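# Structural features, examined
As a plain string of letters, each chain reads:
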Protein chains: 2
Amino acid sequence: MNQAKPVTRIQRRNRETIREAALDVFSQHGFRGATLDQIAQAAGLSKPNLLYYFPSKEAIHGELLSHLMTDWLEPLRALDEAGDPVEEILAYALRKLDMAQELPRESRLFANEIVQGAPRIMDMITGELKELVDEKAKVIRAWSDAGRLASVDPHHLIFSIWATTQHYADFDIQVRGILQTGNTDHFDDARRFLTHLYRSALTPTR
Amino acid sequence: MNQAKPVTRIQRRNRETIREAALDVFSQHGFRGATLDQIAQAAGLSKPNLLYYFPSKEAIHGELLSHLMTDWLEPLRALDEAGDPVEEILAYALRKLDMAQELPRESRLFANEIVQGAPRIMDMITGELKELVDEKAKVIRAWSDAGRLASVDPHHLIFSIWATTQHYADFDIQVRGILQTGNTDHFDDARRFLTHLYRSALTPTR
DNA sequence: GTAGTCGTTGATCATCTGGTCAAATCCATG
DNA sequence: CATGGATTTGACCAGATGATCAACGACTAC
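Residues numbered from 1 in each chain as written. Chains lettered and ligands numbered in written order. Predicted model: local features only at pLDDT ≥ 70, side-chain atom pairs only at ≥ 80, totals over all residues. Heavy atoms only, no water.

The subject of this paragraph is the protein's contact with DNA strand C. In the vicinity of DNA strand C there are 20 residues, among which T8(A), Q11(A), Y53(A), L36(B) and K57(B) approach most closely. Backbone atoms, meaning sugar and phosphate, make up 60% of the atoms of DNA strand C lying within 4 Å of the protein. Separating a phosphate oxygen of DNA strand C from a side-chain N or O atom of N14(A) is a distance of 3.0 Å. K57(B) is positioned such that a nitrogen or oxygen atom in its backbone is 2.8 Å from a phosphate oxygen of DNA strand C. Elements supplying a minimum of two residues to the surface near DNA strand C: α1 (9-33) and α3 (47-53) of chain A together with α3 (47-53) of chain B. (Near = heavy atom within 4 Å. Polar contact = N/O pair within 3.5 Å; in protein donor to acceptor, adjacent residues only side chain to side chain. Helix = DSSP H or I, 4+ residues; strand = E, 2+ residues; numbered from the N terminus.)

See the structure below:
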């Protein structure tokens, strides 16, 4: 059933080239908006050659999404119950902001998928992701109950961190259009702002 | 040049039916992912009939986007220099959250457009929108300078409000998947959370 | 170097999609 | 109810798109 695949040098190189090109194209146009011709051209391969390495358009897209998930959940996984509550959450938010800056294509790929109803990753959301979020929400709630963190809804705190950080990747065009800066200086300002925002809201008052 | 169009009852009714159906379809699939057949079926009309009322797919999409803009900018326009700073900004955020709840399709239509590089509304972003944002940013900065508001980067404050509120429309599937509630109760929790978040961060400390 | 497998592609296919058109049907008005 | 414009649609078109395949080219193990 499971054939032993050759996995030659060429295989590895071309499959990686295709993944890279597909990430560019899918993240910019979404699944239906992307075409195999675009991906083939971006990868410098012919269209039939693409389909020699991946059985279908869906297969390429699916591989990108599943590869993405691991990296995507890692920062939240790193939230440490043993650390200082405010600093842990702050570090999480800033780590997510770093990812928005360094991996904007991955963020947009994900955003495209969710905005259009997550037809291909609903299982992962209600399964692995929900499980992780619920677990960390429990940790956050415990911190609040212990008076080490302001009392906030843990789920909505996490949503707001996702929203404020991924916004800089997903809505990058809008952000740049309004700030009219060609470089990425504004990420420093974003870091300062989010630090203030969450430190203010999370530091226990008592 | 500008023909006097009949604008009969039927015209008004069918054009409205088409707009409604197109908003459903475009907001869910994006411009390229949406098809005229889908829109026609959703509107209960034949495809040629659609094109009797609108000259092209782009024309329908364009009309939706331009109609959207007015409503979309209104809450920010309403930010009143003469009001109480913290309450004004809070009211703006909550107004945006209401819109995410009541007009999620419009939010997703906009999100789809921006995520994919805003090919059709870049002018509006760097023009009308930027102008309005810069104007209101000046007001916010003045409030901060007068000690009536915590000192924050006005642009990033506005971005964060957009992000946190529109997230509930654009990523609705994800939010529901994680909270696993079929109803919209979670908007009340979101309102409480955002109120705390922005009140904490914006109330001057002195 | 050569056999045999791996890698590549031009040509082609079936389907989908935006858009057109002529003919048919509906409808308000006299 | 007759007329002329408004509305509707079945049939069709051209181009795009995902996918296939036979044939050709390239690489590796012997």
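Bringing the domain arrangement of chain A into the picture now. Residues and elements named next belong to chain A. In terms of domain boundaries, chain A breaks down into domain 1 (1-54) and domain 2 (65-202). Centre-to-centre separation of domain 1 and domain 2, based on C-alpha positions: 29 Å. Contacts between domain 1 and domain 2 engage seven residues on the former and six residues on the latter. Regarding the contact of domain 1 and domain 2, the summed buried area is about 730 Å², with carbon and sulfur atoms giving 54% of it. It is L23, S27 and F31 that lose the most area in domain 1 upon contact with domain 2, and together they represent 60% of the buried surface on that side. Residue R105 is joined to D24 by a salt bridge in which the shortest nitrogen-to-oxygen separation is 2.8 Å. Scanning the region where domain 1 abuts domain 2 turns up three residue pairs in polar contact (both at pLDDT 80 or more). In terms of residue class, the side of domain 1 that touches domain 2 is made up of three nonpolar, two polar and two charged. (Domains from an automatic or database assignment. Contact = heavy atoms within 4.5 Å. Buried area = accessible area lost by both parts, 1.4 Å probe. Salt bridge = Lys/Arg side-chain N within 4 Å of Asp/Glu carboxyl O. Nonpolar A, V, L, I, M, F, W, Y, C, P; charged D, E, K, R; others polar.)

So, on to the packing of helix α8 (residues 154-170) of chain A against helix α9 (residues 172-179) of chain A. Residues and elements named next belong to chain A. With their axes 5 Å apart at the nearest point, α8 and α9 run at an angle of 80 degrees to one another. With respect to each other, α8 and α9 are oriented roughly perpendicular. Here H167, Y168, A169 and D170 of α8 lie close against α9, whose contacting residues are D172, Q174 and V175. Residues that form the contact of α8 with α9 fall into these classes: three nonpolar, two polar and two charged. (Axes fitted to C-alpha atoms, helices over the stretch in contact; angles between N-to-C directions. Parallel < 35°, antiparallel > 145°, perpendicular 65-115°, else oblique.)

Further remarks concern α9(A). Across the eight residues of α9(A), six count as buried, placing the element largely inside the fold. Residues of α9(A) that are buried: D172(A), Q174(A), V175(A), G177(A), I178(A) and L179(A). Considering only its buried residues, α9(A) is in contact with α6 (104-115), α8 and α10 (186-202) of chain A together with α6 (104-115), α7 (122-145) and α8 (154-170) of chain B. Q180(A) occupies a position one or two residues after α9(A) and carries a positive phi of about 40 degrees. (Buried < 20%, exposed > 50% of the residue type's maximum accessible area, 1.4 Å probe, protein only.)

The next point concerns helix α10 (residues 186-202) of chain B. In a regular helix each residue adds 1.5 Å, so 17 residues correspond to 24 Å; α10(B) covers 24 Å between its end C-alpha atoms and thus fits that length. Residues of α10(B) that are buried include every one of H186(B), F187(B), A190(B), F193(B), L194(B), L197(B), Y198(B), A201(B) and L202(B), and no others. In an axial view of α10(B), the angular spread of the buried residues amounts to 140 degrees, which keeps them on one side of the axis. The secondary structure elements touched by the buried residues of α10(B) are α8 and α10 of chain A together with α5 (85-102), α8 and α9 (172-179) of chain B. (Expected span 1.5 Å × (residues − 1). Arc of directions from axis to C-beta.)

This next bit is on the relation of the copies chain A and chain B. Of the transformation placing chain A onto chain B, the axial shift is 0.0 Å and the rotation is 180 degrees, giving an RMSD of 0.1 Å. Each copy turns onto its partner about a two-fold axis. When the interface residues of chain A are mapped onto chain B, 100% of them again lie at the interface, so the same face is used by both copies. (Least-squares fit on C-alpha atoms with pLDDT ≥ 70 in both.)

Our focus in this paragraph is the protein's contact with DNA strand D. What surrounds DNA strand D is a group of 20 residues, the closest being L36(A), K57(A), T8(B), Q11(B) and Y53(B). Of all atoms in DNA strand D that approach within 4 Å of the protein, 64% are sugar or phosphate atoms. One of the side-chain nitrogen or oxygen atoms of S46(B) is found 3.2 Å away from a phosphate oxygen of DNA strand D. Measuring from a phosphate oxygen of DNA strand D, one finds a side-chain N or O atom of Y53(B) at 2.5 Å. Of all the secondary-structure elements, those providing two or more residues to the surface near DNA strand D are α3 of chain A together with α1 (9-33) and α3 of chain B. Here the surface near DNA strand D is built from residues that sort into nine nonpolar, seven polar and four charged.

Note on placement: G33(A) falls in helix α1. A relative accessible area of 3% places G33(A) in the buried class. The spatial distance from the C-alpha of G33(A) to the C-alpha of A137(A) is 36 Å, given a sequence separation of 104 residues. Discounting residues that sit within four places of it in the chain, G33(A) has contacts with Q38(A) and R32(B).

Here the focus is the UniProt feature "domain: HTH tetR-type" (unreviewed entry) in chain A. Residues annotated in UniProt with the feature "domain: HTH tetR-type" (unreviewed entry) correspond here to residues 12-72 of chain A. Across residues 12-72 of chain A, helical content stands at 87% and strand content at 0%; the span's end C-alpha atoms are separated by 23 Å. (UniProt positions renumbered as here; feature names shortened; annotations may be inferred.)

Now for the UniProt feature "DNA-binding region" (unreviewed entry) in chain A. As annotated by UniProt and renumbered to match this structure, "DNA-binding region" (unreviewed entry) occupies residues 35-54 of chain A. As annotated, residues 35-54 of chain A comprises 75% helix and 0% strand, and the C-alpha atoms at either end are separated by 14 Å.

Facing the 56 residues of chain A at the interface are 56 residues of chain B. Summing both partners gives a buried area of about 4700 Å² for chain A against chain B, and 70% of it is carried by carbon and sulfur. Contact with chain B buries surface across chain A, with V115(A), H156(A) and I178(A) losing the most and accounting together for 15% of the total. For the pair chain A and chain B, the number of links is zero salt bridges. In this assembly, chain A and chain B are joined by 12 residue pairs in polar contact (both at pLDDT 80 or more). Taken together, the elements giving at least two residues each to the side of chain A that touches chain B come down to α1, α6, α7 (122-145), α8, α9 and α10 of chain A. The element that contributes the greatest number of residues to the side of chain A that touches chain B is α8(A), accounting for 12 residues.

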